[in-house]
Amino acid sequence: PQIGYRAPIGRAFSLQMQITAEIVDDSFADYYFTVTPEQTAASGLAPFRAKGGLNRVGTLAILAYDLDRNLLNGGWSLTGIGGYSRLLGDGADTPY
């Protein structure tokens, strides 16, 4: 799921904020995060069995500046993007 909000800031700037979450099933978690006994023998990593659930949360900000200083008429803009996300649950706990 993702939720976002966009708002003009003055005549030339626009800010968009998003909050995201990633929920995975057991098959996805098993494929990407489980360490099998064979992998343990080959790598020395601890065995680990991953399960699905909330895997990641994050946030994103997009700031745009309209070069002709009028958001209503379209045209060229400069855009900056910044974000942060964090693994949770078995995705964060895996020995990988």
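Residues numbered from 1 in each chain as written. Predicted model: local features only at pLDDT ≥ 70, side-chain atom pairs only at ≥ 80, totals over all residues. Heavy atoms only, no water.

Points about the pairing of strand β2 (residues 13-24)
Okay, step 1: When strand β1 (residues 2-9) meets β2, the two strands line up antiparallel, connected through eight bridges. Opposite G4, over in β2, you have Q18 as the bridge partner.
Okay, step 2: Connecting the antiparallel pair β1 and β2 is a turn made up of three residues, with G10 showing a positive phi of about 75°.
Okay, step 3: Strand direction decides the pairing type here: β2 and strand β3 (residues 53-66), joined by 12 bridges, are antiparallel. Opposite I19, over in β3, you have T59 as the bridge partner. (Pairing = 2+ DSSP bridges. Helix = DSSP H or I, 4+ residues; strand = E, 2+ residues; numbered from the N terminus.)

Structural notes on the side chain of D66
Okay, step 1: By secondary structure assignment, the location of D66 is in strand β3.
Okay, step 2: There is a polar contact of 3.0 Å between the side chain of D66 and the backbone nitrogen of D68.
Okay, step 3: Setting aside chain neighbours within four positions, we find D66 in contact with A12, L71, N73, G74, W76 and S77. (Polar contact = N/O pair within 3.5 Å; in protein donor to acceptor, adjacent residues only side chain to side chain. Contact = heavy atoms within 4.5 Å.)

Description of the pattern of salt bridges
Okay, step 1: One pass over the full model with this rule turns up two salt bridges.
Okay, step 2: Across the pair R49 and D30 runs a salt bridge, and its minimum N-O distance is 2.7 Å. You can see R49 sitting in the loop between α2 (37-43) and β3 and its partner D30 sitting in helix α1 (residues 26-33), a full 19 residues away along the chain.
Okay, step 3: What makes R49 exposed here is its relative accessible area of 57%. (Salt bridge = Lys/Arg side-chain N within 4 Å of Asp/Glu carboxyl O. Buried < 20%, exposed > 50% of the residue type's maximum accessible area, 1.4 Å probe, protein only.)

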